[in-house]
Structures are given as structure tokens and as C-alpha cells.
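A look at the structure
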Amino acid sequence: MRKNNTDKLFTSGFSRMCLSNFLFYASVYLLLPLLPMWLMDEKGFSGSQVAMQMVAAGAGMLLVGPFHAYLGDTYKRKYVLMAGVVAVALALLAMLYAEGFAQWVGLVAQLGGGLGVASPAGFAVAIDITASSRRSSGNEAYAWAGRAGMLVGVLAGVALFPWAGWNRLIYLAVGLDVLALLVSARVYVAFRAPIGLPLLSFDRFFLPRAWLPFLNLCLLAFAAGVQLPLLQGWGSLWPLLPLLLLTLGATYFTQLFVGLSQHCQRSTANTTCHMAIDLGALAGLSIYALYVGDKDSFFFIEAGLLAAGAALLGYLLATLPYYNKKRVR
């Protein structure tokens, strides 16, 4: 009989899941920081229209959220993960041909929805194939792989865009996405009998107990998102500070959210944590698109630094005391 779990953390299956998560987040963030300016410069959309598209991506993530538990209970979790990855790849490919505002809103919403499906399903699979004694370490390693992919994707997109152009970057992003799909397809996940969860629930979507850390982390991710487009041409390196903090702190943020979760809520805690980062970054990109026509780059640097400072103060004065009082692990 095939064994799925051992006491070793980096089994072949778990290593593949970490690599898949890295590639998937790299594919998404390869384009995301460049998207607002490209849509305004090349497609002629107004700042408010592009801001609405960034909001649509966040809405796509939130709309699929209540279905996470049902999907993971009704279907094989690996297949749910793969479906989310495919949805992102199809949205990216369709961007090569999209023209109208409504088409772009739909595609960006699909991108957010695919991310919203794949991310929690990936955490669920990673937890399933990790020995119970190593799940805390597994959570941290898997989370760090995804955020390292985010960092590498951002830097690669900014570095390659001037000579590769948008279309080649899309092909590269799709290629990374397909590689993530192929790697995850080779992961063996043991059968789990369904337990009959409702169609809509907060399970594996949002951990109410972690609402304050969620807002705090959203604010830090906003600090990165509102400055990310400034990296084009390497005009400013300030956006790298909150981006590096999100990457280097991925393991700690995961511990923080998991520490607030009850038994069998580990996957919900992970989803809540990393949804905060993605939604915060999208909110920052929305504000950038909304004001880029009226403000200079210093405005966005200042907004990012103020948001990062507020996130730090909020953590020290509110989130940390709340965590120490409410933690259950």
C-alpha cells in the first residue's frame, strides 16, 4: 500500500507542492504590478476604470470563498487546486485578445477567482500530505514558497517588461502557471471520504477570530501594492521594503493566524492570512490606478510608508495584545 505521510517534512509530494505554489504565485505577480499602467497606456482605460478592474479581482476572490469547504469536501482537493490554476491560465491567455472594458473586468475577476480557488485548495492538499507532527513546519514552508514566488514574480516582471513586452510576459506567466499545474498533478493525495458540508460556509475561507490580524496584514500589503507600479524602470526601490517584509515574514504571519485557530481550522487560518495579503495588494493597486493621473510618485511612496507605519503601530498596540489574549495554540 502506498504511504502518503512520513515523519519527514520535505517528502517528494510536499516538495512538489511547495514548488507548485512558488510557480503559481510567480505567474500571477509577474503581471499584476504592471497591469494598471499597461491598461491605461495601451488600452486607454481611465484610472477609475482600472481601479474597478482591480476591485473586480478582489471581488472574484471573495465570491468563491464561501464555496471553499464544499468544493474541498465534494471533489478531490487536488483537482480543485488544478481547476483554480487552469482558470488563471485561461484568464491570462484571454488577455492577449481582450479589448472592451466589460471583457477586462470579467477576465480580471476570473484571475482573482482562480487565485481564490487555488490558494486555499493548495494549503488543504499540503496539510493533507504532511504528517500531523510536522504540520506547523509544513504550513510555514508552503506559505514561504508562495510568497517567495510573489517576490520573484514581481522582480522578474519589472526586469523583463522593458525588452520582452506585455505579450511575451503573458506567455511566460502562462508557462509558469502550466508548470505549476504539471507539478501539482504529480502529487499523490490519499482518498478522503466526504463529510457532507453545506454549500456556503466560512470554513476554509475566513477565520472570524483572526479579524484584527487580517485587517493589520491587509494594511501592510496595501503599503506594498500602492507602490508596486513605481518599480517600473526601477524609478523607486521603496516598494521593495514592504514586499520583502511580506515575504520574509510569511512564516511568522502563518504562525500568528494558525495560533488563533481551533482544531481543524488550520486551513481556514492559512486562507485568511494569505487572502489578506492578496486583497491588500489589490487595494493598493486600485488606489494607485485611481490617483496616478493626479499625483506624483512621492504621493504613493508617502502613502505606502504611512500605511506600513500604521500597520506596525497597529500590530504593536492592538494585534499583538489581541493575539496573546485570544491564541489557542
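Residues numbered from 1 in each chain as written. Predicted model: local features only at pLDDT ≥ 70, side-chain atom pairs only at ≥ 80, totals over all residues. Heavy atoms only, no water.

Looking now at the overall build of the protein chain. Counting its regular elements, the protein chain contains 12 helices and zero strands. When the helices and strands of the protein chain are listed from N to C terminus, the series reads α-α-α-α-α-α-α-α-α-α-α-α. A compact globule built from 329 residues should have a C-alpha radius of gyration of about 20 Å, and the protein chain, at 19 Å, falls within 12% of that. Along the first, second and third principal axes, the C-alpha atoms of the protein chain reach 60 × 45 × 35 Å. Looking at the protein chain as a whole, 56% of its 329 residues qualify as buried. For the protein chain, restricting intrachain contacts to residue pairs at least 6 apart in sequence, the fraction spanning at least 24 positions comes to 85%. Carbon and sulfur atoms make up 67% of the accessible area of the protein chain, which totals about 14000 Å². (Helix = DSSP H or I, 4+ residues; strand = E, 2+ residues; numbered from the N terminus. Rg over C-alpha atoms; globule rule 2.2 N^0.38 Å. Buried < 20%, exposed > 50% of the residue type's maximum accessible area, 1.4 Å probe, protein only. Contact = heavy atoms within 4.5 Å. Areas by Shrake-Rupley, 256 points an atom, 1.4 Å probe, with all protein chains shown as cover.)

Here we come to the pattern of salt bridges. Applying the stated criterion across every chain, the model contains three salt bridges. When the shortest N-O distance is used, the salt bridge between Lys43 and Glu99 registers 3.3 Å. In this pair, Lys43 sits in the loop between helix H2 (35–42) and helix H3 (47–64) while Glu99 sits in the loop between helix H5 (77–94) and helix H6 (101–128), placing the two residues 56 residues apart along the sequence. Between Asp278 and Arg147 there is a salt bridge; the shortest N-O distance is 3.2 Å. With Asp278 in helix H11 (residues 266–291) and Arg147 in helix H7 (residues 135–185), this residue pair connects regions lying 131 residues apart in the sequence. The burial state of Asp278 is the same as that of Arg147; both residues are buried. (Salt bridge = Lys/Arg side-chain N within 4 Å of Asp/Glu carboxyl O.)

On to a nonpolar patch on the surface, then. Residues Val86, Leu90, Leu93, Tyr97 and Tyr171 make up a contiguous nonpolar surface patch of roughly 520 Å² in combined accessible area. Mapped onto the secondary structure, Tyr97 falls in the loop between H5 and H6. (Patch = residues over 30% accessible without salt bridge, like charges linked within 9 Å, V, L, I, M, F, W, Y side chains within 5 Å.)

A word on the environment of Tyr142. Positionally, Tyr142 belongs in helix H7. Taking the C-alpha atoms as reference points, Tyr142 and Ser15, 127 residues apart in sequence, are found 8.8 Å from one another. When residues no more than four places from it in sequence are discounted, the contact partners of Tyr142 are Phe14, Met17, Cys18, Asn21, Gly122, Phe123 and Ala126.

What follows covers unusual backbone geometry. For Arg204, which is not glycine, the phi dihedral falls at a positive 60 degrees. Its place among the elements puts Arg204 in the loop between H7 and helix H8 (211–225).

This part is about empty space enclosed by the protein. Per the counting criterion, the structure on display carries seven cavities of 30 Å³ or more. As a volume, the largest cavity reaches approximately 100 Å³. Considering the residues around the largest cavity, the lining is formed by His68, Leu71, Gly72, Arg77, Val80, Val117, Pro120, Ala121, Ala124 and Arg204. Where the lining of the largest cavity is concerned, the elements lending two or more residues are helix H4 (68–74), H5 and H6. (1 Å grid on protein atoms, 1.4 Å probe; cavity = no way out; pocket = protein on both sides within 12 Å on 5 of 7 lines; lining within 4 Å. Points joined across faces, edges and corners; volume = space filled by probe spheres on them.)

What follows is about helix H10 (residues 250–259). For H10, a buried count of seven out of 10 residues is recorded, marking the element as mostly surrounded by other parts of the structure. Considered for burial, the residues of H10 that qualify are Ala250, Phe253, Thr254, Leu256, Phe257, Val258 and Gly259. Buried positions along H10 lie against H7, H8, helix H9 (240–248), H11 and helix H12 (297–326).

Let us now look at the state of the cysteines. The tally for this structure, following the rule as stated, stands at zero disulfides. Free of any disulfide, Cys18 has its nearest cysteine sulfur in Cys273, 15 Å distant. The thiol sulfur of Cys273 is not disulfide-bonded, and the nearest other cysteine sulfur, from Cys218, lies at 10 Å. On the basis of relative accessibility, which here comes to 1%, the residue Cys273 falls in the buried class. (Disulfide = S-S within 2.5 Å.)

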